[in-house]
Amino acid sequence: MARSQSRSRSLLLSICTILAILIHGAHSFYLPGVAPQDFFNGAELTVKVNKLTSIKTQLPYSYYTLPFCTPSKIVDSAENLGEVLRGDRIENSPYTFKMGDAKMCNILCRKVLDAKTAKAFKEKIDDEYRVNMILDNLPLVVPIQRPDQESPPVYQLGYHVGLKGQYSGSKEEKYFIHNHLSFTVRYHKDKQSDSARIVGFEVKPFSVKHAYEGKWSDEKSRLTTCDPHTRQAVVNSNTPQEVEDKAEIIFTYDVEFQESDVKWASRWDAYLLMTDDQIHWFSIVNSLMIVLFLSGMVAMIMLRTLYRDISKYNELETQEEAQEETGWKLVHGDVFRPPSNSDLLCVYVGTGVQFFGMILVTMMFAILGFLSPSNRGGLMTAMLLLWVFMGLFAGYASSRLYKMFKGSEWKKIALRTAVMFPGIVSAIFFVLNALIWGQKSSGAVPFGTMFALVFLWFGISVPLVFVGSYIGSKKPAIEDPVKTNKIPRQIPEQAWYMNPAFSILIGGILPFGAVFIELFFILTSIWLNQFYYIFGFLFLVFAILIVTCAEITIVLCYFQLCSEDYLWWWRSYLTSGSSALYLFLYATFYFFTKLEITKLVSGALYFGYMLIASYAFFVLTGTIGFYACFWFTRLIYSSVKID
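What comes next is a walk through the structure. Keep in mind the model is a prediction, meaning the values are calculated, not measured.

1. Some points on the nonpolar core
- Within the largest apolar cluster, 89 residues are counted, with the highest numbers of intra-cluster contacts made by Phe355, Trp568, Trp569, Tyr606 and Phe626.
- Of the residues forming this core, the biggest block, 17 residues, is contributed by helix H15 (residues 600-637).
- The two domains that each donate at least three residues to this core are domain 2 (289-305 + 502-642) and domain 3 (341-478).
- In contact with Trp569, other than residues within four places in its own chain, are Val335, Phe336, Arg337, Pro339, Leu345, Met404, Phe405, Phe626 and Phe630.
- Counting 56 residues, the second-largest nonpolar core is a separate cluster that includes Tyr95, Phe97, Cys109 and Val141.

Here it is as structure tokens:
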């Protein structure tokens, strides 16, 4: 008894330790992504500008599409595949910082707007566009203090181009631009070498109608609204700069340097601070309840009902009392009959294996910290490359199943596996990309990147699928545990609740229920431009999703076989795969309740990308359910004696 308690305690401790590691990974364990850079006093700091973003339009634009101040020559930074697909366009800027050299009211440039440029600014202000900048690979953030002053501030990525408002006593709405930026660079000082590392990059934007004495001269003009000589700083936007035709706008900025206790390795913690741990824990507990409920049902079926069934069937055979078989054993001669459209099923199962491998390895890398948020576009690049290399497993899985169905043309099945899913996704993606091109957005994928994607597909993925398929075709075919009759038996009329459409739709509810809370955070990070870096929680939810898909499919498959309906192949795939329908319906609900998208193109982008995501989710969950049911049927039919 004591030994049993000790074992239970050690098992519980092991589970808690694993959970702690995963959740710690969810909070702060990541590799910073780039080597730290040391700066000495007076060293030049390179401030770069990134895309303009809006959660209202979801269409990113290059910074210099608006008539901001420009450097003498605009230089593009090299971007990885993921950054280009995200619409990042990183360029140099006219802002010049020197380490430790605080500046007040530094004049950047003077612009006089015409009707066209004023309209461009107004449109971006209307759509609530934000300006994104980067310093030492850290994104620019606007700190917003919480109502309770003791809590750390919330950080918003980028500052708004401007704002709309009214003058006191007037009802006419005006447009104002943020033309004065007050930057704060936080650094951590190394006491031994006297060098510093940047650990924070913040800004407070202001709208100020600057005034100056006499005529404007770029070098000699001195502002009266803010002056470093008289220590007069901009602290509010009481006299804002209006955006209108022929308006004169003077762009200025301050820089201050603040020493920080935050070390360089922990500088991303503030960005990734999670304020909703309880919601995530609720999500995990909610999902675990579903799993426990299903596990109980599966355990009851496997241990009690099946054990009793198998014992009874075997006992009857030995006593030669079985005049007529009943229940699931009755369909043993038809249960492994190849389904209709078996080729298509092989293709979908192979594609699902490819997805499963990609997601599993991506999450492993993310939990270990290799996909740090400082490596912009790293997650997307990793997923694309892993998808390509997982083609080997896709070809193998589809070929093995195809050979079991007595198929002989493995090349045909390999080609369909390599081309079908990527082809459908590419068609949708091409239409969406054409819409983005029409809006002149930087989110449109350039032809060079398109060529790179096509090369990854046809140059690497397709050959790997063929290699996997060839290996699979050379393996001996999977033997059925029971022989299949030559003449298919008639399926009796089914009860209304065993109707295929009804049971398939019911089967998708629980897998979706296991993930929908975490899905909210994923959608928020994608469409509301926030960081998602809680891969520890996500991995737990993914594990729960796998178990849920497997268990619900096994339960419904058992009920189906007991009803003497042996057409389980496609139904097992569609049962758990139907959770993708609920995912798309939830995405529609999220669109109308959480997003403020009003433009038709932006709406089409949202639903287009969510359709691709739902299709991928269908393939993934369907494959998990199929393999669970495949294992279950082989297990039970190999356990009974059949003449």
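2. Focus: unusual backbone geometry
- Positive phi, close to 60 degrees, is recorded for Gln58, a residue that is not glycine.
- Residue position: Gln58 is located in the loop between strand S1 (44-53) and helix H2 (81-86).
- Overall, the relative accessible area of 16% leaves Gln58 in the buried class.
- The phi dihedral of Asn137 is positive, around 70 degrees, even though this residue is not glycine.
- Position of Asn137 among the secondary structure elements: in the loop between strand S4 (130-135) and strand S5 (138-139).
- We classify Asn137 as buried; its relative accessible area is 15%.

3. Brief notes about the packing of helix H5 (residues 342-368) against helix H8 (residues 410-438)
- Across the interface, H5 lies against H8 with an axial gap of 9 Å and an inter-helix angle of 55 degrees. Considering the angle they form, H5 stands oblique to H8. The interaxial crossing formed by H5 with H8 has right-handed handedness. Residues Asp343, Leu344, Cys346, Val347, Tyr348, Gly350, Thr351 and Phe355 of H5 pack against Lys412, Ile413, Arg416, Thr417, Met420 and Phe421 of H8.
- Across the contact of H5 with H8, the residue classes break down as eight nonpolar, three polar and three charged.

4. Structural notes on the packing of aromatic side chains
- The tally for this structure, following the rule as stated, stands at 49 aromatic pairs.
- Their ring planes at 85 degrees and their centres at 4.9 Å tell us that Tyr63 and Tyr64 sit as a pair that is edge-to-face. Comparing Tyr63 with Tyr64 shows no difference in burial state: the two are buried.
- Residues Phe356 and Phe542 carry aromatic rings whose centres are separated by 5.8 Å and whose planes lie at 35 degrees to one another, so their mutual orientation is tilted. Here Phe542 lies in helix H12 (residues 535-562) and Phe356 lies in helix H5, a separation of 186 residues in the sequence.
- You can call Phe356 partly exposed: its relative accessible area is 28%.
- Connected via pairs of aromatic rings, a cluster forms that spans Tyr348, Phe355, Trp387, Phe421, Trp570, Tyr573, Tyr615 and Phe618.
- Here the basic side chain of Lys124 rests over the ring of Tyr61, its NZ or CZ set 4.3 Å away from the ring centre.
- The ring centre of Tyr129 lies 5.4 Å from the NZ or CZ of Lys124, which sits over that ring.

5. What about helix H14 (residues 579-594)?
- Counted at 1.5 Å a residue, the expected span for H14 with its 16 residues is 22 Å, and the 22 Å between its end C-alpha atoms agrees.
- For H14, the full list of buried residues reads Ser579, Ala580, Tyr582, Leu583, Tyr586, Ala587, Tyr590 and Phe591.
- Packed against the buried residues of H14 are helix H10 (500-507), helix H11 (509-527), helix H13 (569-577) and H15.

6. Here's the deal with the environment of Phe405
- Relative to the helices and strands, Phe405 is located in the loop between helix H7 (391-404) and H8.
- The spacing of Phe405 and Ser342 is 63 residues in sequence and 7.4 Å in space, taken between C-alpha atoms.

7. A short note on the pattern of salt bridges
- Applying the stated criterion to the full structure yields 13 salt bridges.
- Notably, a salt bridge pairs Lys412 with Asp343, separated by 3.1 Å at the nearest N-O pair. With Lys412 in helix H8 and Asp343 in helix H5, the pair connects residues that are 69 residues apart, well separated along the chain.
- Residue Asp343 is classed as buried on the basis of its relative accessible area of 18%.
- Each of Glu172, Lys174 and Glu242 takes part in one network of salt bridges that share partners.

8. A short note on the environment of Gly472
- For Gly472, the position within the fold is in helix H9 (residues 447-474).
- Setting aside chain neighbours within four positions, we find Gly472 in contact with Tyr396, Ser399, Arg400 and Lys403.

9. Concerning the state of the cysteines
- Summed over the entire model, instances satisfying the criterion amount to two disulfides.
- A sulfur-sulfur separation of 1.9 Å characterises the disulfide bridge that pairs Cys69 with Cys109. The chirality of the disulfide connecting Cys69 with Cys109 is left-handed, given an S-S dihedral of about -75 degrees. With Cys69 in the loop between S1 and H2 and Cys109 in strand S3 (residues 103-112), this pair connects stretches of sequence that are 40 residues apart.
- What makes Cys69 buried here is its relative accessible area of 3%.
- Between Cys105 and Cys226 runs a disulfide, and the two sulfur atoms are separated by 1.6 Å. Between Cys105 and Cys226, the S-S dihedral sits near 45 degrees, and the bridge is therefore right-handed.

Rules used throughout
- Residues numbered from 1 in each chain as written.
- Predicted model: local features only at pLDDT ≥ 70, side-chain atom pairs only at ≥ 80, totals over all residues.
- Heavy atoms only, no water.
- Core = buried A, V, L, I, M, F, W, Y, C linked by side-chain atoms within 4.5 Å.
- Buried < 20%, exposed > 50% of the residue type's maximum accessible area, 1.4 Å probe, protein only.
- Helix = DSSP H or I, 4+ residues; strand = E, 2+ residues; numbered from the N terminus.
- Domains from an automatic or database assignment.
- Contact = heavy atoms within 4.5 Å.
- Axes fitted to C-alpha atoms, helices over the stretch in contact; angles between N-to-C directions.
- Parallel < 35°, antiparallel > 145°, perpendicular 65-115°, else oblique.
- Left-handed = near helix turned anticlockwise from the far one by under 90°.
- Nonpolar A, V, L, I, M, F, W, Y, C, P; charged D, E, K, R; others polar.
- Phe/Tyr/Trp six-rings, centres within 6.5 Å; stacked < 30°, edge-to-face > 60°.
- Lys NZ or Arg CZ within 6 Å of the ring centre and 35° of its normal.
- Expected span 1.5 Å × (residues − 1).
- Salt bridge = Lys/Arg side-chain N within 4 Å of Asp/Glu carboxyl O.
- Disulfide = S-S within 2.5 Å.

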